[in-house]
Amino acid sequence: MRSRVRLLVLVVILAVVLYPLVWMVATSFKSPSEIASNIGLIPREFTPGNFSDGWHKFDVGFGRFFVNSALVAGLTVVGNTVSCLLAAYAFGRLRFRLRGFWFAIMIGTLLLPGHVLIIPQYILFRNLGWVGGGFPYLPLLVPHFLATEAFFVFLMVQFMRGIPRELDEAAVIDGASAFSIFRHVILPLSRPALVTTAIFSFIWTWNDFFRQLVYLSELRDYTVPVALTLFIDSTSESSVGPMFAMSLLSLIPVFLFFVAFQKMLVEGINTSGLKG
Amino acid sequence: MTTASTPVRPAPPVPAEAARGRGGRRRRDNLSGYLFLSPWLLGLLGITAIPMLISLYLSFTDYSPLISLGEANWVGLDNYRRMFTADPSYWHAVRVTVIFAVVATPLKLAAALGVALLLNRTLRGISLFRGLFYLPSLLGGSVAVAIVWRSMFNREGAFNSFLGWFGIHGTPWVNDPFWALPTLMLLAIWQFGAPMVIFLAGLKQVPGELYEAASVDGAGAWRQFRHITLPMLSPVIFFNLVLETIHGFQGFTAAFVLSGGTGGPVDSTLMYTLDLYIKGFTQLDMGYASAMAWVFLVVVGLITAVLFSTGRFWVHYSDAEER
């Protein structure tokens, strides 16, 4: 009996927690007049027009914004996995001078708030001609190709420390170099950590706003989050439906990742969080 | 690795590095170590360390992106003096950020722990529940969810419609100088799923025998929670507290969207990072914004240090973990 009460409480809390998301989906399909009048969840009349209105609301279509976001997120995934993997292999498996010192600095940068660096980085990238240049995403991407996301380095170091040392030692006796151990022992065994890194990189970059807001100034270069803020400025009643429709679409990639990798995401925060 | 079937081959010549002996191997480790570390080292220097020093220098200048770095005037401590004595919006930002972190973080952790405790005893459907509670943590940091939140707590929003059922006439929450910040906090608390998942993993580590022994001794549910669950969970609580506090200080997206980029109404949602953005990128006062960034860095560092030093008094590490 008590377990039934507990279950009921959980279901009620869950309903409250999920309500905003459900409400968002429902509102995306309501016509402008209905958004103001019908406070129920189910639209009286499904209005898919919000999606096409929102898609073509600005001079540049949302298709372009989605491609831009996908480009930034995709390349960030590549940069993060490759560069953090290399750094993690050095920290986790190789012995070299000052390793402890560099490792301590890496841990220090874990807690460094990114906002602190935004101004000097902006100045640096601007002087390099990267801001608003031919490929305006360089300032967003280059840091990720240089393993600046310490969280992922740390995650992979933790993972690699769990790989049995005997494997390296056996390979060393066979005359393998550090590179071939990396290539044939560590890389194949690190797949779970790489996948976790890739998924989180994608989701965080897809949702990221601060940096994209700072570095993207031309409408055609906007990513989805930056484009969505254009709706905030136009507060007319008729734009609420399209605004919700586009917001909903913007969440779908992350939602699909959630559905596909739910278990892995949950385990991911556990292993990265608790083994530290 | 020779098996019986392989014909015996003459021994290969001794590999050069083996002949060089131990010293050679160690040197090679140094080389490959730094080779693999080089992207990270480059990033540390170019993206983190040097910009940090530039930012420190800028904080003593009146630099703006309209002039070149060389043209910036050295103004000494003026930026810092202005920040602490002559900029009311700065203190609004400090106040808003501190209230946000001090109120929202404990509430978020309490929600996370409460739901984790409920879930921990539930046997059926736990992974489904866990996943669904976690969903807001994945989506919640986005502009899209902030937009929904803003509409939900509008004058005509869903929340006021809900209150209407009870005959309560709600205010336009996001436009109310008092209620805008709590609305922002609620969005943060709504994302309690991530710390909840970490709490759940921690709860699984608490040995069941402890509760059995306590029950035999006649300890009730509250005493078991107070004297077994809380101490055993304290390392996880500590971890979540540090993480969420630092996270809380950096909230930007939600404040930006809910206030339309202004931190309003009347600076009531002016989070520190939003103020920094406005000063640096809207008003182009980058010298001043750099000074703000450095004060932020020092304060967040101090708070982290304080959390770690108080941790010694209440975080209980069991023998199993010290091993």
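Sequence order as written defines the numbering, with residues in each chain counted from 1. To label them, take the chains in the order written and letter them from A, then take the ligands in the order written and number them from 1. Only residues with pLDDT of at least 70 get local features here, since the model is predicted, and only at 80 or more are side-chain atom pairs given and counted; chain-wide, interface and lining totals rely on the full set of residues.

Peer 1: Go over the overall build of chain A with me, naming the residues and quoting the values.
Peer 2: Helix and strand assignments follow DSSP, with helices taken as H or I runs no shorter than four residues and strands as E runs no shorter than two, numbered in order from the N terminus. A tally of helices and strands in chain A yields 14 helices and zero strands. Reading the helices (α) and strands (β) of chain A from amino to carboxyl end gives α-α-α-α-α-α-α-α-α-α-α-α-α-α. Taken along its principal axes, the extent of the C-alpha atoms in chain A is 75 × 65 × 30 Å. Buried, partly exposed and exposed are defined by the number of other C-beta atoms within 10 Å of a residue's own C-beta, namely 20 or more, between the two limits, and 12 or fewer respectively, with C-beta atoms placed from the backbone. In chain A, which comprises 276 residues, the share counted as buried stands at 39%. At a minimum sequence separation of 6, the contacts of chain A that also span at least 24 residues come to 75%. The contact criterion used is a C-beta to C-beta distance within 7 Å, with each C-beta placed from the backbone.

Peer 1: Give a description of the overall build of chain B that names residues and reports values.
Peer 2: The helix and strand tally for chain B stands at 15 helices and zero strands. Sequence separation of at least 24 residues holds for 70% of the intrachain contacts in chain B that already meet a minimum separation of 6.

Peer 1: Go over helix α8 (residues 150–161) of chain A, please, and point to the residues and values.
Peer 2: A helix is expected to reach a length of 1.5 Å times the quantity of its residues less one. Between its terminal C-alpha atoms α8 of chain A stretches 16 Å, which fits the 16 Å expected from twelve residues at 1.5 Å a residue. When α8 of chain A is considered as a whole, its buried residues turn out to be Ala150, Phe152, Val153, Phe154, Leu155, Met156, Val157 and Phe159 of chain A.

Peer 1: Residue-level account of the interface of chain B and chain A, with values.
Peer 2: Counting from both sides, the interface comprises 72 residues of chain B and, opposite them, 70 residues of chain A. In terms of residues, the side of chain B that touches chain A owes the most to one element, helix α2 (residues 22–58) of chain B, which gives 19 residues. In this classification, Asp, Glu, Lys and Arg are treated as charged, Ala, Val, Leu, Ile, Met, Phe, Trp, Tyr, Cys and Pro as nonpolar, and every other residue, Gly included, as polar. Looking at side-chain class alone, the side of chain B that touches chain A contains 49 nonpolar, 19 polar and four charged residues.

Peer 1: Quick rundown of the packing of helix α4 (residues 88–120) of chain B against helix α8 (residues 180–190) of chain B? Include the residues and the values.
Peer 2: All names here are of chain B. To define axes, lines are fitted to C-alpha atoms, for helices over the stretch in contact only, and angles between the resulting N-to-C directions are given on a 0 to 180 degree scale. Viewed as axis vectors pointing N to C, α4 and α8 meet at an angle of 40°, and their least axial separation amounts to 9 Å. Put simply, α4 runs oblique to α8. Where α4 crosses over α8, the two elements pack in a sense that is right-handed. Residues Val96, Ile99, Phe100, Val103, Ala104, Leu107, Lys108 and Ala111 of α4 pack against Leu181, Leu184, Met185, Ala188 and Ile189 of α8. Here the contact of α4 with α8 is composed, by residue class, of twelve nonpolar, no polar and one charged. Angle categories: roughly parallel below 35 degrees, roughly antiparallel above 145, roughly perpendicular from 65 to 115, and oblique for all the rest. Left-handed describes a crossing in which the near helix is turned anticlockwise from the far one by less than a right angle; the clockwise case is right-handed.

Peer 1: I'd like a description of the nonpolar core, backed by residues and values.
Peer 2: Of all hydrophobic cores here, the largest spans 112 residues; its most connected members are Ala112, Ala146, Ile147, Leu184, Met196, Phe199 and Leu258 of chain B. Here this core takes 13 residues from α4 of chain B, the largest share from any one element. Those residues within four positions of Met196 of chain B in sequence are excluded, and the remaining contacts are Ala112, Val115, Ala116 and Phe133 of chain B. Formed by 32 residues, the second largest nonpolar core is a distinct cluster that contains Ala150, Phe154, Met156 and Ile181 of chain A. Only buried Ala, Val, Leu, Ile, Met, Phe, Trp, Tyr and Cys residues enter a nonpolar core, and they are joined through C-beta atoms within 7 Å.

Peer 1: Give a description of helix α13 (residues 272–282) of chain B that names residues and reports values.
Peer 2: Of all the eleven residues making up α13 of chain B, eight are buried; the element is thus mostly covered by neighbouring parts of the structure. Residues Tyr272, Thr273, Leu274, Asp275, Leu276, Tyr277, Lys279 and Gly280 of chain B constitute the buried set of α13 of chain B. The secondary structure elements touched by the buried residues of α13 of chain B are α6 (118–127) of chain A together with α4, α11 (221–249), α12 (253–258) and α14 (286–314) of chain B. Remark: Leu284 of chain B follows α13 of chain B within two positions and exhibits a positive phi of approximately 55°.

Peer 1: Mind laying out the packing of α13 of chain B against α14 of chain B, listing which residues take part and the relevant values?
Peer 2: All names here are of chain B. Between α13 and α14, whose axes approach to 8 Å, the crossing angle comes to 160°. Of the possible angle classes, the one that applies to α13 and α14 is roughly antiparallel. When the axes of α13 and α14 are compared, the crossing they make is left-handed. For the pair formed by α13 and α14, the contact residues are Tyr272, Leu276, Lys279 and Gly280 on the first element and Met286, Tyr288, Ala289, Met292, Ala293 and Phe296 on the second.

Peer 1: Residues and numbers for the domain arrangement of chain B, please.
Peer 2: Just so you know, the domain bounds were taken from an automatic or database domain assignment. The domain boundaries assigned to chain B delineate domain 1 (17–58) and domain 2 (78–322). The C-alpha-based centres of domain 1 of chain B and domain 2 of chain B are spaced at 37 Å.

Peer 1: How would you explain the confidence of the model for chain B if you had to name every residue and give the values?
Peer 2: All names here are of chain B. Per-residue confidence from the predictor is given as pLDDT, running between 0 and 100. Per-chain confidence: chain B averages 86 in pLDDT, with 89% of residues scoring 70 or above. The secondary-structure element of chain B with the lowest mean pLDDT is helix α1 (residues 16–20), recorded at 43, while α8 shows the highest, at 96. As a predicted assembly, this complex carries a pTM of 0.88 together with an ipTM value of 0.90.

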